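Architecture at a glance
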Amino acid sequence: MSSPSLSCHSPPRHLPYSYFPRRGCCDVTSVASEIVQRIAKGEWTSSEVLEAYIARSAIAQAKVNFLYEDARKQAKELDAEFASTKTLREPFHGVPVSVKDNYQIEGYDATIGFTAWANNPGKKDACVVAQLRAAGAIIFVKTNVPQTMLVFECSNPLWGRTTNPWNNKYTCGGSSGGEGALLAMDGSASGIGSDIGGSLRIPASYCGVYSLKPTAERVSSIGTQAVRPGFEVIRSSHGSLTRTVNCSAKLSLAKKDSSHQNVPMPYHAVELPSKLRFGYYLSDGMMESSPACKQAVLETVSALRKQGHECIEFTSPLNTSAMEVFLGLASSDGYKKMLSHLDSDPMEDSLFLVTLGPRLPSFVRKLACWIAKTFLGDSLFPRFFSLAWEKSVLEFTDFTDQRNKVAAAWYEQVWDKYGFDGIIAPVQSLPVIPHGGATYLSVLTAATIMYNVIDSPVGTIPVMRVNPDTDNLSTDFVVGASGRSKMFETRMYLGKNPVYDPKAMEGIPVGVQLVGKKWEDEKVLAMMHVVDAALGPRGFGPGSWEPIKTVLI
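Attention here is on the structure that accompanies the text. (Residues numbered from 1 in each chain as written. Predicted model: local features only at pLDDT ≥ 70, side-chain atom pairs only at ≥ 80, totals over all residues. Heavy atoms only, no water.)

**Comments concerning the overall build of the chain**
Scanning the chain from terminus to terminus reveals 17 helices and twelve strands. Radius of gyration (C-alpha) of the chain: 22 Å, near the 24 Å computed for a compact globule of 553 residues. Seen along its three principal axes, the alpha-carbon backbone of the chain occupies a region of about 75 × 55 × 50 Å. Scored against the burial criterion, the 553 residues of the chain give a buried share of 60%. Counted over contacts in the chain with a minimum sequence separation of 6, partners at least 24 positions apart contribute 79%. (Helix = DSSP H or I, 4+ residues; strand = E, 2+ residues; numbered from the N terminus. Rg over C-alpha atoms; globule rule 2.2 N^0.38 Å. Buried < 20%, exposed > 50% of the residue type's maximum accessible area, 1.4 Å probe, protein only. Contact = heavy atoms within 4.5 Å.)

**Looking at the pairing of strand 2 (residues 138-143)**
Each regular strand carries side chains that alternate between the two faces of the sheet. Within strand 2, six of the six residues are buried, which leaves the element mostly enclosed by the surrounding structure. Two strands pair when backbone bridges link them, and strand 1 (residues 96-100) and strand 2 are joined in this way by five bridges, in the parallel orientation. Its bridge partner being in strand 2, Ser 98 is matched across the sheet by Val 141. In this fold, the crossover linking strand 1 to strand 2 by way of helix 4 (residues 127-134) has right-handed handedness. (Pairing = 2+ DSSP bridges. Right-handed = clockwise from strand over helix to strand, strands pointing away.)

**Things to note about the packing of aromatic side chains**
Going through the model one piece at a time under the given rule, you end up with 14 aromatic pairs. Measuring from ring centre to ring centre gives 6.5 Å for Tyr 411 and Trp 415, while their planes differ by 50°; the resulting arrangement is tilted. Within this pair, Tyr 411 and its partner Trp 415 are both found in helix 13 (residues 393-418), separated by four residues, close to a single helical turn. The class of Tyr 411 is partly exposed, set by a relative accessible area of 22%. (Phe/Tyr/Trp six-rings, centres within 6.5 Å; stacked < 30°, edge-to-face > 60°.)

**Here's the deal with the pairing of strand 5 (residues 190-195)**
Taken across its six residues, strand 5 has six buried, putting it largely inside the fold. Side chains Ser 190, Ile 192 and Ser 194 project from strand 5 onto one buried face, and the interleaved Gly 191, Gly 193 and Asp 195 project onto a second face that is buried too. In this structure, strand 5 lies alongside strand 7 (residues 237-242), joined through six bridges in antiparallel fashion. What sits directly across from Gly 191, in strand 7, is Leu 241.

**Here we look at the side chain of Gln 74**
With respect to the element layout, Gln 74 can be found in helix 3 (residues 68-85). Engagement of the side chain of Gln 74 in a polar contact is seen with the side chain of Arg 133, the distance being 3.1 Å. With near-sequence residues (within four places) excluded, Gln 74 lies in contact with Arg 133, Ala 137, Ile 138 and Ile 139. (Polar contact = N/O pair within 3.5 Å; in protein donor to acceptor, adjacent residues only side chain to side chain.)

**Topic: the environment of Trp 389**
In this fold, Trp 389 is placed in the loop between helix 12 (380-385) and helix 13. The spatial distance from the C-alpha of Trp 389 to the C-alpha of Thr 171 is 29 Å, given a sequence separation of 218 residues. Setting aside residues up to four positions removed in sequence, Trp 389 forms contacts with Ser 331, Ser 332, Pro 358, Arg 365, Glu 395 and Phe 399.

**Some words on unusual backbone geometry**
Glycine aside, residues mostly have negative phi angles, and peptide bonds mostly take the trans form. Here the amide bond leading from Glu 90 into Pro 91 is cis, since omega sits at 5°, within 30 degrees of zero. Mapped onto the secondary structure, Pro 91 falls in the loop between helix 3 and strand 1. With an omega of 10°, the peptide bond running from Gly 174 to Ser 175 counts as cis. By the element assignment, Ser 175 lies in the loop between strand 4 (160-161) and helix 5 (177-184). If you check the backbone angles, Met 149 has positive phi at about 65° while not being a glycine. Residue position: Met 149 is located in the loop between strand 2 and strand 3 (155-156). The phi dihedral of Asp 343 falls on the positive side, at around 55°, and the residue is not glycine. Positionally, Asp 343 belongs in the loop between helix 9 (336-340) and helix 10 (352-359). Residue classification places Asp 343 among the exposed positions, given a relative accessible area of 60%.

**Some words on the sheet that holds strand 1**
Pairing within the open sheet is mixed, and its ten strands lie in the order 2-1-5-7-6-11-12-10-8-9. Looking at the sheet topology across the chains shown, the edges are occupied by strand 2 and strand 9 (310-313). Strand after strand, the sheet turns through a mean of 25° between neighbouring axes, direction not considered. (Axes fitted to C-alpha atoms, helices over the stretch in contact; angles between N-to-C directions.)

**What to know about helix 13**
End to end, helix 13 covers 37 Å across 26 residues, agreeing with the expected 38 Å (1.5 Å per residue, within 8%). Listed as buried for helix 13 are Phe 399, Thr 400, Arg 403, Val 406, Ala 407, Ala 409, Trp 410, Val 414 and Trp 415. As for helix 13, its buried residues are in contact with helix 8 (319-330), strand 10 (422-426), helix 15 (446-453) and strand 12 (509-515). One or two positions beyond helix 13, positive phi appears at Gly 419, with a value near 65°. (Expected span 1.5 Å × (residues − 1).)

**Focus: the pattern of salt bridges**
Per the stated rule, a full pass over the model turns up 26 salt bridges. Residues Arg 89 and Glu 81 are paired through a salt bridge, measuring 2.4 Å at the closest nitrogen-oxygen approach. The salt bridge involving Lys 294 is made with Glu 288; its shortest N-O contact spans 2.3 Å. (Salt bridge = Lys/Arg side-chain N within 4 Å of Asp/Glu carboxyl O.)

**Looking at a nonpolar patch on the surface**
Together, Leu 367, Trp 370, Ile 371, Phe 375 and Leu 376 make up a nonpolar patch on the protein surface, roughly 510 Å² of accessible area in all. On the secondary structure map, Phe 375 appears in the loop between helix 11 (362-374) and helix 12. Overall, Phe 375 belongs to the exposed group, its relative accessible area being 58%. (Patch = residues over 30% accessible without salt bridge, like charges linked within 9 Å, V, L, I, M, F, W, Y side chains within 5 Å. Areas by Shrake-Rupley, 256 points an atom, 1.4 Å probe, with all protein chains shown as cover.)

Here's what the structure looks like:
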C-alpha cells in the first residue's frame, strides 16, 4: 500500500472561516494534554478527535487520502480498550500525530519525494513511530519533504510543493516543512521530524510553531529512510514539532530504543535556578541578520530581563569554522549516493548551489573562487565553495578531526568562558525565503548547522511576526562589511527584487533558537517554558491560523 504525503497547499481564499472544522464536538485547537483529559472524562472519544483532525488535514491538502483508514481502526481499538478498562494508554491516548515522510510505517511508503521509491511499503514501524503508538498516539498522516532532504524548501517531483501557511508566495521551510505547515494550520495535534542542519528549526520558525532538536543520540533513528545510510559523522536528530511548548516535546526522550542504539537516558524532569544566565547574539558573522530576525532576539532578551534573568551579548566565534566542517564532510562523496536516488527525476533547483562544487572540474571551481574574491570582493564564498569536492579517506578523517576540534573549542570559548545556561540566537538571517530562494542562498543554513556540528540540543520558539513599519533595512547598511559575504548579502538585501522584503513578508512568523549543552535536553525544554512564559501571549498556538491571510499564486 503506498501512502501519499501531505503537500499542504493553502486552502482557497474564498472559503469562509466557519467552513473549517474548529469548534463543535471536538475542537482542533485543543492541545494534546486537553485531548487526553477530555477522553478520560468521557466528553470525547478517540474516533471523534481523529475525525476532526482528518477533516482539518484534508482541507490543508485536498488531493489525496492518507493513513486515514488504519488510523480509524486504531482509534476504534483505543475507544474499545478505554470502554472496557477505563484506563488510558497514556500519555497520548487518542492524540492524532503526524510524522515526516522519512519515517517507516508498516504498509506505507517512505519515498522522501523520490518516484523510484514509490510503491515500496514499509515492513515495520520506525522505532519512534512504535513508541508513539505504544503511548496511545494515533498516526494518521505523513508529511512532505524536499527532494533529498538536504535543502530548506519543501518541494519534490513526486508530491509537489508545500507552501507557507501564512503566505503561499513563500516556502514553509525544510526538510520537515510539511510538518511545520500542517501544525500551523491545526491539521495535527503534534508532529515528529528530523534535523541534520536545521530541518526542525527552520520550518518551526517559518511557520510559527515550536520544535525541539535533541542531542542526536537521545532518540533512535532506527527505521528512518536515509539518502546516505552510513553517514554518521554528522548525526541526524529526531524530535518534535508542536503548537505549544508543553505538547509532546518530551515524548521522544522518554523511551529506550529496542535495538539499543541510542543512549539509555530516559526523560527526567529538571529544576532550574530562579535566575538563569543567557547569552545571545544577533548575527552569525557570515551574513548580517535582517532587522526582523534581530528584533526577535532582542524581544526575547527584553522579556527575559524583565523576569529577572541575566542576558549577555557575545560574539559567536566558530560559526564559519562549523560551516566549513559541515560542507567538507557533506560533500565527501561528491553527493553521489544522495543524487543516485533521483533516478529519472529532475533535480530540484534548490539543490543547484549545494551540489555544484563536486560537479565542476577542480580548475573551474578554483577559478570561480578566484573571481569571487578578486572581482566581487567576497572572501567568504570562496572559503565555502572551495571545500566542495570528493574527498579521500585521509581528507575525510581530517575533516572529522576538525569537527571534534570545533566542538571542543565551542565549550572552551563559550560555555566554559561565560557560564551560560542557554543561548538565544537567530534561526536564520532572514525570516523566510520565497520559493526557489534556496537555489542561491543555501548558505543561510549556517545559523542552524552550527549546532548540528557541535551536537547541541536546540529548541525553537515563535516570537513575533514581520512588521513592515519597524523591520526595514537601515539606510546605512553596507554589504560585506566586517568580512561578511558580499555576494550573499547583495542578493538578500539589495537590487530591484531583494529577498528581504518586510512589506511582502508582513505577518510571517519569526522565531529564535534556544541552545543548550550536549545531553542537557531536558534543561532546554524547561528553559523553553521559561522563555515562552516571559514572552507571554503573542498570537501563536492552536487557533491562531486564519485561512483568509493566505495569498493565491
